[in-house]
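What follows is each chain in one-letter form.
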Amino acid sequence: MSFDQIVKPTLILDENRAMRNIDRMIERANSAEVDFRPHFKTHQSAEIGQLFRQRGVEKITVSSVEMAEYFAKSNWKDITIAFPVNILQIKEINHLAKDVFLGLLVESIEVVDALGKNLDAPVNVWIKIDVGAGRTGISWENEIEVKNVVERVIQTPNLHLEGLLTHAGHTYQTRQRSDTISVYQNSIRRLQNIQSNLQGLDLKLKISVGDTPSCCLVDDFEGVDEIRPGTFVFFDAMQIQIGSCNEEDVAVALACPIVALHPEREECVVYGGAIHLSKEYMTELDGIKHYGYIAPLHSDRWGKIIHGAYVKGLSQEHGVLHIPTDELAHLHIGGLIAIVPVHSCLTVNLMKKYLTARGKWIETIESNMNLGFV
């Protein structure tokens, strides 16, 4: 297989890099003596999941009931859905709970009560805590609400309280290792304060954390029981900018056909737009906003990121790339170029499959939506 045969936007996968990323994170978890429950929302693939299983991983994280169903069909038996319970899917949750060791996230008494009334099988419950990201979860400052939810979980049949879970998503705003570590340390202190305040209930609550920047850059996981990173398996442009990885660690890129060249404005237009990359963007230190880095595409791999090149704009099918004149001269209409996406999770979700240098197609959950659970 040669990538030269690609005729439309295609997500290409460097399997060797992905395997190195997996091995490295497993070693970090083992060295820190914490449970490793990788988040599979990034790769969304049963086949890539096998790379984890071959290395002894038995517990996984997913982001939806549908994803849990998909991986349950691949015989994963210990699954946490790291998204607040959607009580409208109680039928599907009940089916899963009978088949796997299921972990659920709660952050309100209303959801706990709904589970108590409608669950047919036991589940593990994590209290979702907002340690500063501001997305979802009970605020770490709201000690009374945390205690109320914990007490209700303890009183509710079929619910087994595991501990406190957070996603410190604000590490994605950091650009220095010291800043990432500072966010992580503040997050752990806030969770440990909650632990201390609940000691009167005679509970042993675990702590579970999940963001890739922290899991890549922090060396001391004291006080943590479980890590759940996901993006690390492929990394992306954002993780390069944060410092979570090096360019050579990124394992996916989008191959795009070149359809037009505009040397007078240092632009290249490709077949590859928002429906392939999403409109997730990042801002460089010089203030430039863009939608991904650019790299040359060779017959079986992509090359080093081109300095000063970036995805300038996206519409539905179009991608407008800014490429310096000296690099633009090497391109031709009908050729191919690679884009390192800002957020690999979203690009995978949109593209639905990968092509490897061996010419093998690897499918994701989106290619297998007839799950047969309900």
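A brief structural summary.

1. Observations concerning the overall build of the chain
Assigned secondary structure in the chain consists of 12 helices and 20 strands. Its C-alpha atoms give the chain a radius of gyration of 22 Å, within 12% of the compact-globule value 21 Å for 374 residues. Across its three principal axes, the chain shows a C-alpha extent of roughly 70 × 45 × 35 Å. Counting across all 374 residues of the chain, residues that qualify as buried make up 54%. Pairs at least 24 residues apart make up 65% of the contacts formed inside the chain by residues separated by at least 6 positions. A total accessible area of about 16500 Å² is found for the chain, and carbon and sulfur atoms account for 47% of it. The positive charge centre, built from 36 side chains, and the negative charge centre, built from 48, are 3 Å apart in the chain.

2. Description of the side chain of Asp-249
For Asp-249, the location among the structural elements is in the loop between α9 (237–242) and β11 (252–262). A relative accessible area of 12% means that Asp-249 is categorised as buried. Of note is the side chain of Asp-249, whose polar atom sits 2.8 Å from the backbone nitrogen of Asn-246. Those residues in contact with Asp-249 that sit more than four places away from it in its chain are Arg-17, Asn-21, Arg-24, Phe-234 and Phe-235.

3. Digging into the packing of aromatic side chains
For the structure on display, the rule yields nine aromatic pairs. Summarising the aromatic geometry, the rings of Phe-234 and Tyr-354 are spaced 5.5 Å apart at their centres and angled 70° between planes, so their arrangement reads as edge-to-face. Taken together, the residues Phe-234 in the loop between β10 (226–227) and α9 and Tyr-354 in strand β19 (residues 353–356) connect sequence positions 120 residues apart. Considered together, Phe-234 and Tyr-354 belong to a single accessibility category, that of buried residues. A network of ring pairs unites the aromatic residues Phe-36, Phe-40, Phe-52, Tyr-70, Phe-71, Trp-76 and Phe-232 as a single cluster. In this arrangement the basic side chain of Lys-289 is found over the ring face of Tyr-281, its NZ or CZ atom lying 4.1 Å from the centre.

4. Details of the nonpolar core
Ranked by internal contacts, the top residues of the largest apolar core, which has 110 residues, are Phe-52, Val-106, Ile-127, Ile-227 and Phe-234. With six residues, helix α3 (residues 65–72) is the single largest residue contributor to this core. Membership of the second largest hydrophobic core comes to 11 residues, among which are Ile-12, Ala-253, Trp-302 and Leu-336.

5. Re the pattern of salt bridges
The final tally for this structure, using the stated rule, is 17 salt bridges. Across the salt bridge formed by Asp-23 and Arg-55, the nearest N and O atoms sit 2.4 Å from each other. A residue pair is termed long-range when its members are at least 10 positions apart, and Asp-23 in helix α1 (residues 15–32) and Arg-55 in the loop between α2 (46–53) and β3 (59–62) qualify at 32 residues. Taking relative accessible area as the criterion, Asp-23 reaches 37% and is therefore assigned partly exposed. Glu-248 is the partner of Lys-304 in a salt bridge, and the nearest nitrogen-oxygen pair spans 3.3 Å. Residue Lys-304 is located in the loop between β15 (292–296) and β16 (310–314), and its partner Glu-248 is located in the loop between α9 and β11; the two are separated by 56 residues in the primary sequence. Its relative accessible area of 55% is what places Lys-304 among the exposed residues. We classify Glu-248 as partly exposed; its relative accessible area is 39%.

6. Digging into the pairing of strand β5 (residues 101–106)
Burial analysis of β5 places five of its six residues in the buried class, which makes it a mostly covered element. Here four bridges tie strand β4 (residues 78–84) to β5, and the two strands are oriented parallel to one another. Residue pairing for β5: Thr-80 is matched across the bridge by Gly-103. Handedness of the β4-helix α4 (residues 90–99)-β5 crossover: right-handed. When β5 meets strand β6 (residues 123–130), the two strands line up parallel, connected through four bridges. When the sheet's bridge partners are listed, Leu-105 is paired in β6 with Trp-126. Remark: the β5/helix α5 (residues 109–118)/β6 crossover connection has right-handed handedness.

7. Thoughts on helix α12 (residues 344–351)
Every buried residue of α12 is accounted for by Ser-344, Cys-345, Thr-347, Val-348 and Met-351. What you see down the axis of α12 is that its buried residues fit within an arc of 165°, all on one side. Summarising the contacts, the buried residues of α12 are in contact with β1 (10–13), β11, α10 (274–277), β18 (336–341) and β19. Trailing α12 by a residue or two, Lys-352 shows a phi angle of about 75°, which is positive.

8. Digging into the environment of Thr-42
For Thr-42, the location among the structural elements is in the loop between β2 (35–36) and α2. Using a relative accessible area of 0% as the deciding quantity, one classes Thr-42 as buried. In sequence terms Thr-42 and Arg-55 are 13 residues apart; their C-alpha atoms lie 18 Å from each other. In this view, Thr-42 contacts Gly-230, Thr-231, Val-233, Phe-234, Ser-344, Cys-345, Val-348 and Tyr-354; residues no more than four positions away in its chain are not counted. Separated by 3.2 Å, the side chain of Thr-42 and the backbone oxygen of Gly-230 make a polar contact.

What counts and what doesn't
- Residues numbered from 1 in each chain as written.
- Predicted model: local features only at pLDDT ≥ 70, side-chain atom pairs only at ≥ 80, totals over all residues.
- Heavy atoms only, no water.
- Helix = DSSP H or I, 4+ residues; strand = E, 2+ residues; numbered from the N terminus.
- Rg over C-alpha atoms; globule rule 2.2 N^0.38 Å.
- Buried < 20%, exposed > 50% of the residue type's maximum accessible area, 1.4 Å probe, protein only.
- Contact = heavy atoms within 4.5 Å.
- Areas by Shrake-Rupley, 256 points an atom, 1.4 Å probe, with all protein chains shown as cover.
- Lys, Arg positive; Asp, Glu negative; His and termini not counted.
- Charge placed at Lys NZ, Arg CZ, Asp CG, Glu CD.
- Polar contact = N/O pair within 3.5 Å; in protein donor to acceptor, adjacent residues only side chain to side chain.
- Phe/Tyr/Trp six-rings, centres within 6.5 Å; stacked < 30°, edge-to-face > 60°.
- Lys NZ or Arg CZ within 6 Å of the ring centre and 35° of its normal.
- Core = buried A, V, L, I, M, F, W, Y, C linked by side-chain atoms within 4.5 Å.
- Salt bridge = Lys/Arg side-chain N within 4 Å of Asp/Glu carboxyl O.
- Pairing = 2+ DSSP bridges.
- Right-handed = clockwise from strand over helix to strand, strands pointing away.
- Arc of directions from axis to C-beta.

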